[in-house]
Amino acid sequence: MLGVKFFPSKILSKIKSPSKILSYQNQRGWRRKKNRLKRHRSSTCPKSREQQEEDRLSSLPDSILEHILSFLPILDGVRSTILARRFRNLWFSLHTLDIYIGHFTDLSDSPRMVQESWFWFSRFVNRVLILHRRPTLEKFVFDLSEYLARLSEADSDYDNKLLSRAMDDVAGWILAAIHREPKFLHLSLGWISKWDGYILPPCVWSCKAVELVLDSCRIISSNLTGIQMGSLRILTMYDVGMSDEILEQIICGCPVLEYLIINKCSVNRVCFDAPSIRKLKLVDEDGADDNYHVDCPNLVSFELSGCATDINLVNLSSVKYADLSPFIDSFDEFKVFIEKLRHIETLKLFTEIVAMFAYAVLKDLPCIEIHSKRIVLSMHELYIKGLFALLRNSPYLEELEVVLSPYAPILIEDIEQELAELLPVEFDWENEGGDCIRSMQYLKNVTIRGYNKHTWEFVLDLAEVILQNAEVLDVLVVRVEANIQKKNQLTAEELFVFSQKLLSIPRASRRAKVSLLCGTQSR
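What you see is a predicted model, and the numbers here were worked out from it, not measured in a lab. (Residues numbered from 1 in each chain as written. Predicted model: local features only at pLDDT ≥ 70, side-chain atom pairs only at ≥ 80, totals over all residues. Heavy atoms only, no water.)

Colleague: Looking at this structure, how should I read the nonpolar core?
Modeller: Side chains that are nonpolar tend, in soluble globular proteins, to be buried together. Ranked by internal contacts, the top residues of the largest apolar core, which has 145 residues, are M237, I250 and F302. Ranked by residue count, the leading element in this core is helix α8 (residues 157-179), at nine residues. (Core = buried A, V, L, I, M, F, W, Y, C linked by side-chain atoms within 4.5 Å. Buried < 20%, exposed > 50% of the residue type's maximum accessible area, 1.4 Å probe, protein only. Helix = DSSP H or I, 4+ residues; strand = E, 2+ residues; numbered from the N terminus.)

Colleague: Looking at this structure, I do not really get the packing of aromatic side chains. What am I missing?
Modeller: Any two aromatic rings considered together are summarised by their centre-to-centre distance and by the angle between their planes. According to the stated counting rule, one finds ten aromatic pairs in the structure shown. Taken together, a centroid distance of 4.5 Å and an interplanar angle of 65 degrees make the contact between W91 and F92 edge-to-face. On the numbers, 6.4 Å between centres and 15 degrees between planes, the contact of F140 with F142 is stacked. Residue classification places F142 among the buried positions, given a relative accessible area of 0%. A cation sits over an aromatic face here: K279 above Y259, 4.4 Å from the ring centre. (Phe/Tyr/Trp six-rings, centres within 6.5 Å; stacked < 30°, edge-to-face > 60°. Lys NZ or Arg CZ within 6 Å of the ring centre and 35° of its normal.)

Colleague: Teacher, can you tell me more about the side chain of D169 here?
Modeller: As for its position among the elements, D169 is in helix α8. Among buried charged residues, D169 stands out as having no salt bridge; its nearest opposite-charge side chain is R165, 4.1 Å away. Those residues in contact with D169 that lie beyond four places of it in its chain are W118 and S122. (Lys, Arg positive; Asp, Glu negative; His and termini not counted. Salt bridge = Lys/Arg side-chain N within 4 Å of Asp/Glu carboxyl O. Contact = heavy atoms within 4.5 Å.)

Colleague: Would you explain the side chain of N223 in this entry?
Modeller: Turning to its location among the elements, N223 is positioned in the loop between β4 (211-218) and β5 (234-241). On the basis of relative accessibility, which here comes to 15%, the residue N223 falls in the buried class. Within polar-contact distance, the side chain of N223 engages the backbone oxygen of L200 at 3.0 Å. Those residues within four positions of N223 in sequence are excluded, and the remaining contacts are I199, L200, P201, P202 and W205. (Polar contact = N/O pair within 3.5 Å; in protein donor to acceptor, adjacent residues only side chain to side chain.)

Colleague: Help me out: how do you make sense of the pairing of strand β2 (residues 139-143) in this one?
Modeller: Where a strand is regular, its side chains alternate between the two sheet faces. Bridge analysis of strand β1 (residues 96-100) against β2 gives five bridges, and the strand direction is parallel. Paired with D98 across the bridge in β2 is V141. Across five bridges, β2 lies against strand β3 (residues 184-188) in parallel orientation. By the bridge assignment, F140 is partnered in β3 with L185. (Pairing = 2+ DSSP bridges.)

Colleague: Explanation requested: unusual backbone geometry in the structure shown.
Modeller: Outside of glycine, negative phi angles account for most residues, and trans bonds account for most peptide bonds. In this structure, S216 is a non-glycine residue whose phi angle is positive, near 60 degrees. Within the fold, S216 resides in strand β4. One non-glycine residue, D364, adopts positive backbone phi at about 55 degrees. Mapping D364 onto the fold places it in the loop between α11 (351-362) and β14 (374-379).

Colleague: I would appreciate a short explanation of the confidence of the model for the chain in the present structure.
Modeller: Caution applies to low-pLDDT parts of the model: their predicted coordinates are not meant to be read in detail. Residues with a pLDDT of 70 or more make up 78% of the chain, whose mean pLDDT is 79. Note on residues 1-7: pLDDT under 50 across the span, and eleven contacts to partners over four residues away in sequence or across chains. Under a pLDDT of 50 for its full length, residues 14-18 has, in the predicted model, three contacts with residues more than four places off or in other chains. (pLDDT = per-residue confidence, 0-100.)

Colleague: Which parts of the structure should I look at to understand a nonpolar patch on the surface?
Modeller: Among the surface-exposed residues, L57, I64 and I68 lie close enough to one another that they form a single nonpolar patch of about 240 Å² accessible area. In this structure, I64 sits in helix α4 (residues 62-69). (Patch = residues over 30% accessible without salt bridge, like charges linked within 9 Å, V, L, I, M, F, W, Y side chains within 5 Å. Areas by Shrake-Rupley, 256 points an atom, 1.4 Å probe, with all protein chains shown as cover.)

Colleague: Can you walk me through the state of the cysteines in this structure?
Modeller: Simply put, disulfide is the name for a covalent bond between the sulfur atoms of two cysteines. Considering all chains together, one arrives at zero disulfides under this definition. The structure places no disulfide on C207, whose sulfur is separated from the nearest cysteine sulfur, that of C203, by 8.5 Å. Classification of C207 as buried rests on a relative accessible area of 3%. Here C254 stays unpaired: no disulfide links it, and the sulfur of C207, its closest cysteine neighbor, is 8.6 Å away. (Disulfide = S-S within 2.5 Å.)

Colleague: Explain the pattern of salt bridges here, please?
Modeller: When the charged atoms of two side chains lie near each other, side chains of opposite charge can form a pair. With the rule as written, the count across this model stands at nine salt bridges. Of the charged contacts, one joins R79 and D76 as a salt bridge, the two residues approaching to 3.4 Å between their closest N and O atoms. Highlighted residues: R79 and D76, both in helix α5 (residues 74-79), separated by three residues, approximately one helical turn. In this structure D76 comes out as partly exposed when scored by relative accessible area, which is 29%. Among the ionic pairs, E399 bridges to R374, the shortest N-O distance being 3.2 Å. Of this pair, E399 sits in strand β15 (residues 399-404) while R374 sits in strand β14, and the two are 25 residues apart along the sequence. Shared partners join several salt bridges into a network, and the residues in it are R374, E399, E401 and R449.

Colleague: Before we go on, may I ask you to explain helix α10 (residues 331-341) in this structure?
Modeller: Side chains three or four residues apart in an α-helix point the same way, a direct result of the helix having 3.6 residues per turn. Along α10, the positions that sit buried rather than exposed are F331, E333, F334, F337, I338 and L341. For α10, the buried positions fall inside an angular range of 150 degrees around the axis, keeping them on one side. (Arc of directions from axis to C-beta.)

Colleague: Teacher, can you tell me more about the packing of helix α14 (residues 429-438) against helix α15 (residues 456-469) here?
Modeller: Each pair of packed helices can be summarised by the angle the axes make with each other and by the distance between the axes. Where α14 meets α15, the closest approach of the two axes is 9 Å, and the angle between their N-to-C directions is 50 degrees. In terms of orientation, α14 lies oblique with respect to α15. Crossing handedness for the pair α14 and α15: right-handed. In this structure, α14 uses W429, E430, G433, G434, I437 and R438 to contact α15, whose residues at the interface are F458, D461, L462, V465, I466, Q468 and N469. (Axes fitted to C-alpha atoms, helices over the stretch in contact; angles between N-to-C directions. Parallel < 35°, antiparallel > 145°, perpendicular 65-115°, else oblique. Left-handed = near helix turned anticlockwise from the far one by under 90°.)

Structure (structure tokens):
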């Protein structure tokens, strides 16, 4: 019978007539043709707008997709393989590897859970470094945060063996990363109390990185033999245990180093005459008793912030820019500090410095004359007397930028108590402010930033004193920051009233121009 061999016995038992068998075959063939036609149409017909928008990411070239994935931690880069077949091998060629242990464990968990997570983390890092095919890297970030410190809290033999194994693993990973010659290398290793910190392996000092960031580790002199870092231009050291002699060896081994950042490190003497180093930043955040001895005759830029006592600025003769926010113990120490920096062309001063000038005025103490041509200062409106005391002692000032800050400065307890008793005081804008501005024969550019609902009257008074008394003023700019909270922003009506009052102020200088900038727009 025709077609019998194409049908199972169950169907043949129900179909008795040959015509019915032919009819069933025709229906089945038509369904096959119909399905083939649908598949053909779906492959040749243009896709809908929604389908086209969904495929835009996949239509990008591999180089752009790799660049997008490089902004993610490597764990998320590996997870991207499930998005589509196109993404399966992209992470093998990423030019950035950002490995962070916080994606594998929560440091607030119990010590046992934290220790068990090391197995999965080490397995993942090993596979990443084996499978990654790119021979060179733009950026390598390895962040253990405080993991090694938590791992070293337990005292059992098993925990000590696990910690030793972990330190060996870290040394191998650092070596594998340096073989890929990353231009930016960031190692955050965590502080280990049992060994006074993780000892940095010698291979770090032969890398070809342009920028190196070392966080929470220790450097010993025996690992510094043959430092060859001919490409390093920026070096940042945060919470690094080392001696003053080791710092000198590192600087000598970096012939093109331009920017050196020392943050909460165990060094007291910063002395070098390397002509390549142009910028130095010293930070001490935890208030340790560090006695900084700074002797850098070739510096151009100097930054100092945090709690630094007994600062001995021996030689900063070539510095042209200084950013200063120190915590100073006494007014006498403040005077010595300012005396060393009075010659600098551009000074950026924070509220602490302005508060010390206000303290000098209220206590009838002598102030130091400053010879800077440009001053950028952050201040609270409570210390208005300090502002004009500083201006009165800056006879060569040409540019002034005032940034209004809502935060009060952190001062030593004695001075803070005395200022609390003396402030606030009334300020005579016409006599005190006007006489001060009229004595400034070179003031040409003034910028006032950070006004809001609470400070706009203060800004108007300050702008009025400057415009009415600055005889050689060229430009006065009043700028509101775009990132202030919405509740502190001026409404459109308030902003219009403010602009009308500002533009109606008479001007002592005929060529003075006034600009009001709100975000990226100006009036």
